Amino acid sequence: MPTVSTFDMTGKKTGSIDLAEAIFGITPNKSVMHSMVVNYLANQRQGTQSALTRSEVSGGGKKPYRQKGTGRARQGSTRAVQWYHGGVAFAPKPRDYSYALPKKVRRLAMKSAFSSKVLDNEMLVLDDLKLEETKTKTIATMLSKLETGKKVLIVLPENDESIVKAARNIPGVKTALVNTLNVYDIVNCNTFIVVKDAISQIEEVYA
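Our next topic: the overall build of the protein. The secondary structure content of the protein amounts to seven helices and six strands. In the protein, the order of α-helices and β-strands from amino to carboxyl end is β-β-α-α-α-β-α-β-α-β-α-β-α. Along the first, second and third principal axes, the C-alpha atoms of the protein reach 90 × 40 × 25 Å. Contacts in the protein between residues far apart in sequence, at least 24 positions, make up 69% of those at least 6 positions apart. Computed over 30 positive and 19 negative side-chain charges, the separation of the two mean positions in the protein equals 23 Å.

Let us look at the packing of aromatic side chains. Inspection of every chain in the model, using the stated rule, returns four aromatic pairs. Considering the side-chain rings of Phe-114 and Phe-192, the 6.1 Å spacing of their centres and the 25° angle between planes classify their relative orientation as stacked. Taken as a pair, Phe-114 in helix H3 (residues 103-119) and Phe-192 in strand S6 (residues 191-195) lie far apart in primary sequence, 78 residues in all. What makes Phe-192 buried here is its relative accessible area of 0%. Ring centres of Phe-114 and Tyr-206 lie 5.6 Å apart, and the angle between their planes is 70°; this geometry places the pair in the edge-to-face category. Of this pair, Phe-114 sits in helix H3 while Tyr-206 is found in helix H7 (residues 196-206), placing the two residues 92 residues apart along the sequence. Feature note: the residues Phe-24, Phe-114, Phe-192 and Tyr-206 constitute an aromatic cluster, connected by ring pairs. Just above the ring of Tyr-97 sits the side chain of Arg-45; from NZ or CZ to the centre is 3.6 Å.

As a further point, take the packing of H3 against H7. Interhelical geometry of H3 versus H7 gives an angle of 145° and a closest axis separation of 11 Å. The two elements H3 and H7 meet at a crossing, and its hand is left-handed. Taken together, the residues of H7 that come into contact with H3 (itself represented by Arg-107, Met-110, Lys-111 and Phe-114) are Ile-202, Val-205 and Tyr-206. Looking at the contact of H3 with H7, its residues break down into five nonpolar, no polar and two charged.

Summed over all chains, the structure comprises three salt bridges. Among the salt bridges present, the one from Lys-93 reaches Glu-56, with a minimum N-O distance of 2.8 Å. Taken as a pair, Lys-93 in the loop between helix H2 (30-44) and H3 and Glu-56 in the loop between H2 and H3 lie far apart in primary sequence, 37 residues in all. Residue class for Glu-56 comes out partly exposed when judged on its relative accessible area of 40%. Residue Asp-185 is joined to Lys-174 by a salt bridge in which the shortest nitrogen-to-oxygen separation is 3.1 Å. One end of the pair, Asp-185, is in helix H6 (residues 183-188); the other, Lys-174, is in strand S5 (residues 173-177), and eleven residues separate them in sequence. You can call Lys-174 partly exposed: its relative accessible area is 41%.

Next up on the list: the environment of Ile-163. As for its position among the elements, Ile-163 is in helix H5 (residues 161-167). Separated by 34 residues in the primary sequence, Ile-163 and Leu-129 have C-alpha atoms spaced 8.2 Å apart. Among all residues touching Ile-163, those that are not within four sequence positions of it are Leu-129, Leu-131, Ile-139 and Leu-156.

Conventions we followed
- Residues numbered from 1 in each chain as written.
- Predicted model: local features only at pLDDT ≥ 70, side-chain atom pairs only at ≥ 80, totals over all residues.
- Heavy atoms only, no water.
- Helix = DSSP H or I, 4+ residues; strand = E, 2+ residues; numbered from the N terminus.
- Contact = heavy atoms within 4.5 Å.
- Lys, Arg positive; Asp, Glu negative; His and termini not counted.
- Charge placed at Lys NZ, Arg CZ, Asp CG, Glu CD.
- Phe/Tyr/Trp six-rings, centres within 6.5 Å; stacked < 30°, edge-to-face > 60°.
- Buried < 20%, exposed > 50% of the residue type's maximum accessible area, 1.4 Å probe, protein only.
- Lys NZ or Arg CZ within 6 Å of the ring centre and 35° of its normal.
- Axes fitted to C-alpha atoms, helices over the stretch in contact; angles between N-to-C directions.
- Left-handed = near helix turned anticlockwise from the far one by under 90°.
- Nonpolar A, V, L, I, M, F, W, Y, C, P; charged D, E, K, R; others polar.
- Salt bridge = Lys/Arg side-chain N within 4 Å of Asp/Glu carboxyl O.

Okay, structure coming up:
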């Protein structure tokens, strides 16, 4: 059964906590994690890129010169792709890049991401996270005491606007709820911080 250390907001180690083997102690499946990251990034694409084809570029209605006798290659329009100001061959058009992965794949990817953070010693648990005032300095000081990396993901048990607002001003720091977690954010962070009350929620969701 995997075990991680618990800390308070001052960075002091307060003990340790046992985590569910089936969620935080499996052998990470890198292939599935990669598929999930690619899926997440594809789903984030706006798909608004567009270019004009030869039929959409203005001009080019007249044949530039006669078909035969010039010694040059035959041309029907000055808006063909090889001409300056010509259209684009196979031009990209707005489309939806999103697609879905099977539920079993998504769950295995999340469990693999959790387990990889435990294996790499990049996960720590906070006993509690409460702010008396919405101050970025409080979060920054806490992260400094915990000696986190540049990219930090903080998982909260419930939405707390004061924590979200205080943390979002710090470059590289993100907050998330259990139901908004994704593999990309977990893998992309250097330090994965989970508030103690959120552990039971994660284990309940992915049990």
